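# Fold and geometry: a report
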Amino acid sequence: MPRPAPSLLPGSLAVAAPLAVAVLLAVGALPARAQDDAAPLSVHYGFGELDILKVEDRSELLRTADLNGDGLTDLLLSDDSNSRLDLFLQRNQSEAAEAGKEEGADAADVNALPDSARYEHVKLSVDRAVLGLATGDFTGDGRTDIAYVGDPDRLILVVAPEGDTPGSSDWTATAELDRRERRLPDLQSSSGLLAAGDLTGDGRPDLVALGQRVTYLLPGSASGTLEAAIEIRNTSDDLSLAQIADLDGDGLADLSYTALVGDDRVFAARLQEPAPRPRGEAADDVKEEVRNALGPELRFDLKDPRSVTLGEAFPDEPGVEVLAITGATGRLTIRKVRRPKLSDAADGAAEENLAGRKLTQYGFGGRGDRDFAVGDLDGDGLADVVVSDPAGARVILFRQTAAGGLDLGTAYPSLAGISQVRIGDADGDGSGDLFVLSKTEETLGRSVWEDDRLTFPVPVTGVENPVAFALIQPQGANRAGAFAVTRNDRRDYSLGLVGAPEKSIKLDISSDPDRLEVADLDGNGAGDLVLFPGRGKELLAFGIGGDGKPIPMKSEGLGPGETTPGAFFAGFLPPEPEAGDGGENGEPAAPQPDVPTILVARDNLARDLTARAGRTGVTPGSPEAEAGAGNPTLRWSVRDQFNAGEAAAKIAGAVTLDVDDEPGNEVILIDSGVDKLRIYKRDGSQFAAAGEIETGALDYIDAAVADLDGDARDDLLLFGQGRFAVLYAGRTDPELTELANYETDLDRTFLADSFVGDLNGDDKPDVAVLDVRSHYVEILRPTDSDVERALYWKLFEEKNFDGEGGGGLQPREGAIADVTGDGRNDLILLIHDRVLIYPQDDGVGPEEEKSEVGVGTE
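Residues numbered from 1 in each chain as written. Predicted model: local features only at pLDDT ≥ 70, side-chain atom pairs only at ≥ 80, totals over all residues. Heavy atoms only, no water.

### Concerning the overall build of the protein chain
- Per the secondary structure count, the protein chain includes three helices and 61 strands.
- Scored against the burial criterion, the 858 residues of the protein chain give a buried share of 52%.
- Accessible surface for the protein chain amounts to roughly 37500 Å². Of this, 46% is attributable to carbon and sulfur atoms. (Helix = DSSP H or I, 4+ residues; strand = E, 2+ residues; numbered from the N terminus. Buried < 20%, exposed > 50% of the residue type's maximum accessible area, 1.4 Å probe, protein only. Areas by Shrake-Rupley, 256 points an atom, 1.4 Å probe, with all protein chains shown as cover.)

What follows is the structure, given as structure tokens:
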């Protein structure tokens, strides 16, 4: 006969809560039978007699692991109220029976509630509040260790002495425990700051600790201790819920967490990337150990989750799924990280190809004035990115890898107070040199890539007290020259070629400029100098004479006006098609070359500007003009304008880039008002909106366009506070695809957490969902394309004389694991000052009972 529907049987435990009286309820032991598709799902589930462990109201960080190597799963919690770790070591059947006789409560005391005899309680003292807790064999001895984070900045690894049998640990020998302490500065204080898993691909568990500026990766080793921490720069200073599992189904464990971005908390991940093998060698031929690395951060469209759980809810899907209860809807959603393919459709392909594109995030930490530069620094023909760190007296180099994309950055010492960095080939050797300007040290320095590192900057001679500079490499030249703005006294500024003071000119500015840049303003193929004097002041333009002396050019017409470096961009756009597309014989006309453009962003629009060089006071083309008479001018005109009609729009920048893999660049507006990239594509004689890409809160400063993944296509780099983001134009990005969702129909509920595991012995995953308002547990069964509820019950009822929720947010933690030694998963819940263990029943009805399995199932 099928298993009967569960009934709620009053338990014997009363739990006190502020202004409330709570009575725990347990699901009775229910016999199981072969599944009957016509019967309710609840008949396929049941639990035996409740096991109860006494803990404290402040107990937290519930973990399950085989701590002593006896093949049985144990329980681990932190108890800050007593400054200890609580280990509940599972006993085998005979040991538990004997312990039950010795530790049993007085039978006459009907209110006595002894601990379950199934577990031995071991208490490990700690001298710091425990913020994070993880288990694993971090020392390579084949036995489980305990790692915890002690407030505020200590990582403590606890190793037990070897037990009586090989591969076992004796946690009862507390005086002989080996405690190894390591300081990790500026750790997070949020939940889930510590996680364990193999993130280096060497088969050993590693530890990850979330910091405020960096994430610490501590590789496990076979040498008896954790290795030195690898620092991964964060893109947010508020991370939480670190978890390690294979997200994308490639067989490698990945790191996920939630990050506070602006006002939203988003789900993010760093995927494990295989280490590049030496060219011409197979993986099996590599003799020395090669470790994988974590990639840059990917952010997904999952905002403000109440909880995030990684688990295999759909076994047919490779890797794990992401189970999240979203704050906006209160629903449970099950999602999967997938890599989509670019659309092959001819119609609407551009917009379809933009769908799902996302930015890849790179962190460098901190705030304040930073600068960046793009160029080939190491001579491998691939563009790299350098970011200044003025406070740290260093620069951070993000090298492009042979696998495509940038690495996570390496810091090199440099001048203090760097305000500007640029890359250019100053010595003609074919690789770029790094120039850094420090107003603090009043120095322009030059670094080179040598012996697989950046050298410390050597001061450039011939320039004193520089405040801004730019590098120009003339057409046909094999080396770049530096132009600098120098301050002679408080209000006396000059602009000229470094090393040629006689070719300097005076500047009519009263304070240090924001930036000196290079751009081809008049479209003649030669670089001009653009000086940004500061907010509220119009930019100044300078041509370069044949002798290298700057030539001031007066702007006429509707030009850039007051603007900033981040709102100004020089690029190329496809031309307007000519009338009559066919040739003489009807063939398509030959493609026309792209035309130069100057894009300037302001308010809710961006303008496509052109400039024509000329001279005032003389006739254009006359001998006088050819001889250089008159005053040099730039005559500006507006060729096109791109408006963002949305009320909240704020166009902070604009660039040109081929982002849709179709001929011709698009115009991309960087809208910091709604955190989007607005894409405009050539459509006949005008540009039309072609799609949008989410950026998230970025604190945009500037942008650059360069090939950053070696695919011969330009990519977009957006530089912001504490991080930069890259839109790789020719790449498909992983997406978080929804597979199923569940909304409870129970009244007065607040779903808070979920767990995955087989709870009815059918070798298929189930999902337990916890409600912390009315204190329900719901058991869900995933189907081919959805989830459906199998059963639910109420954990305890309460009387509350001061409104609802007197019992608090309970249960506050949970897990699914076999902690009764019978080979079947159990449901474990942490509620108030109790751990409740619901043992999965053995599926045997009363008329066909076999010998008892485990303890507490009589």
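### Brief notes about the sheet that holds strand 28 (residues 418–424)
- Spatial strand order, 28-29-30-33: four strands in an open sheet with antiparallel pairing. Two strands bound the open sheet, and with one partner strand each, they are strand 28 and strand 33 (458–459).
- Taken together, the two bridges between strand 30 (residues 443–447) and strand 33 define a ladder with antiparallel strand orientation. When the sheet's bridge partners are listed, G445 is paired in strand 33 with P459. (Pairing = 2+ DSSP bridges.)

### Thoughts on the pattern of salt bridges
- Counted by the stated rule, this structure contains 46 salt bridges.
- Between D427 and R446 there is a salt bridge, with the nearest N and O atoms lying 2.9 Å from each other. Taken together, the positions of D427 in the loop between strand 28 and strand 29 (433–438) and R446 in strand 30 put the pair 19 residues apart, joining distant regions of the chain.
- On the basis of relative accessibility, which here comes to 31%, the residue D427 falls in the partly exposed class.
- The exposure class of R446 is partly exposed, given its relative accessible area of 27%.
- A salt bridge links K681 to E662; the shortest N-O distance between them is 3.7 Å. Taken together, the residues span a long stretch of sequence, with K681 in strand 48 (residues 676–683) and E662 in the loop between strand 46 (651–657) and strand 47 (666–671) at a distance of 19 residues.
- On the accessibility criterion, K681 (17% relative accessible area) is buried.
- For E662, a relative accessible area of 23% gives the class partly exposed.
- One continuous salt-bridge network, built from bridges that share partners, spans E646, D671, K676, R678, E692 and E694. (Salt bridge = Lys/Arg side-chain N within 4 Å of Asp/Glu carboxyl O.)

### Thoughts on the packing of aromatic side chains
- Within the structure shown, the criterion is met by 16 aromatic pairs.
- Arranged with centres 6.2 Å apart and planes meeting at 85°, the rings of Y412 and W449 form a pair that is edge-to-face. In this pair, Y412 is assigned in strand 27 (residues 410–413) and W449 in strand 31 (residues 449–450), connecting sequence segments 37 residues apart. Across this residue pair, the class does not change: Y412 and W449 are buried.
- Consider the rings of F642 and Y680, whose centres lie 5.6 Å apart with planes at 50°: the pair is tilted. With F642 in strand 45 (residues 631–643) and Y680 in strand 48, this residue pair connects regions lying 38 residues apart in the sequence. Of the two residues, F642 and Y680, both sit in the buried class.
- In textbook terms, an aromatic cluster arises when at least three aromatic residues are bridged by ring pairs, as seen for Y362, F364, F372, F398, F719 and F724.
- The residue whose ring lies beneath R731 is Y728, and the NZ or CZ to ring-centre distance is 3.8 Å. (Phe/Tyr/Trp six-rings, centres within 6.5 Å; stacked < 30°, edge-to-face > 60°. Lys NZ or Arg CZ within 6 Å of the ring centre and 35° of its normal.)

### Observations regarding the sheet that holds strand 45
- Strands sit in the order 38-39-40-41-45-44-43-42 across an open sheet of eight strands; the sheet is mixed. A single partner strand is all that each edge strand has here, and the edge strands are strand 38 (515–519) and strand 42 (568–573). On average, adjacent strands in this sheet sit at an angle of 40° to one another, irrespective of strand direction.
- Bridge analysis of strand 41 (residues 550–557) against strand 45 gives four bridges, and the strand direction is parallel. Within strand 45, the residue paired with S555 across the bridge is L634. (Axes fitted to C-alpha atoms, helices over the stretch in contact; angles between N-to-C directions.)

### Details of the pairing of strand 10 (residues 154–159)
- Counting buried positions along strand 10 yields six of six residues, so the element is predominantly enclosed.
- Alternating residues of strand 10 divide into R154, I156 and V158 and L155, L157 and V159, and every residue in both groups is buried.
- As judged from the five bridges shared by strand 9 (residues 145–150) and strand 10, these two strands associate in the antiparallel manner. Residue pairing in the sheet places I146 in a bridge with V158 of strand 10.
- Taking the residues that link successive antiparallel strands as the turn, the strand 9-strand 10 hairpin has three residues.
- Note that strand 10 and strand 11 (residues 178–183) share six bridges and pair antiparallel. For V158, the partnering residue across the bridge sits in strand 11 and is R179.

### A few points about the environment of A259
- Note on placement: A259 falls in strand 17 (residues 254–261).
- Look at A259 and you get buried, because its relative accessible area is 0%.
- Apart from residues lying up to four places away in sequence, A259 is in contact with S236, D238, L239, D264, R265 and V266. (Contact = heavy atoms within 4.5 Å.)

### Section: unusual backbone geometry
- Along the chain, D151 connects to P152 via a cis peptide bond; the corresponding omega equals 0°.
- Relative to the assigned elements, P152 resides in the loop between strand 9 and strand 10.
- With an omega of -5°, the peptide bond running from Q810 to P811 counts as cis.
- Phi at D675 takes a positive value of approximately 55°, unusual for a residue other than glycine.
- In this structure D675 comes out as partly exposed when scored by relative accessible area, which is 25%.

### Considering the environment of N92
- By the element assignment, N92 lies in the loop between strand 6 (84–90) and helix 1 (93–103).
- Engagement of the side chain of N92 in a polar contact is seen with the backbone nitrogen of E95, the distance being 2.8 Å. (Polar contact = N/O pair within 3.5 Å; in protein donor to acceptor, adjacent residues only side chain to side chain.)

### Some thoughts on the nonpolar core
- One finds L194, L207, F398, L708 and F724 to be the most contacted residues of the largest nonpolar core, which totals 52 residues.
- Setting aside anything within four residues of it in sequence, one finds L207 in contact with A134, F138, A147, L155, L194, A195, A196, Y216, L217, L218 and L226. (Core = buried A, V, L, I, M, F, W, Y, C linked by side-chain atoms within 4.5 Å.)

### Topic: the side chain of R118
- In this structure, R118 sits in the loop between helix 1 and strand 7 (119–125).
- Since its relative accessible area comes to 2%, R118 is described here as buried.
- Engagement of the side chain of R118 in a polar contact is seen with the backbone oxygen of T820, the distance being 3.5 Å.

### Notes on the environment of T258
- Mapped onto the fold, T258 is located in strand 17.
- Taking the relative accessible area as the measure of exposure, T258 reaches 1% and is therefore buried.
- When the C-alpha atoms of T258 and K303 are compared, they prove to be 8.9 Å apart, with 45 residues separating the residues in sequence.
- In this view, T258 contacts D238, L239, S240, L241, R265, V266, F267, P305 and V308; residues no more than four positions away in its chain are not counted.
- A distance of 2.6 Å separates polar atoms of two side chains, one belonging to T258 and the other to S240.
- Reaching out from T258, the side chain makes a polar contact with the side chain of R265 at a distance of 3.4 Å.

### So, the confidence of the model for the protein chain
- Mean pLDDT for the protein chain: 86, with 84% of residues reaching 70 or above.
- The spread of mean pLDDT over the elements of the protein chain runs between strand 1 (residues 8–17), the lowest at 34, and strand 5 (residues 74–79), the highest at 98.
- Contacts of residues 28–35 to residues separated by more than four positions or lying in other chains number 37 contacts, the stretch itself having pLDDT below 50.
- Across residues 342–349, confidence stays below pLDDT 50; counting only partners more than four residues off in sequence or on other chains, it has eight contacts. (pLDDT = per-residue confidence, 0-100.)

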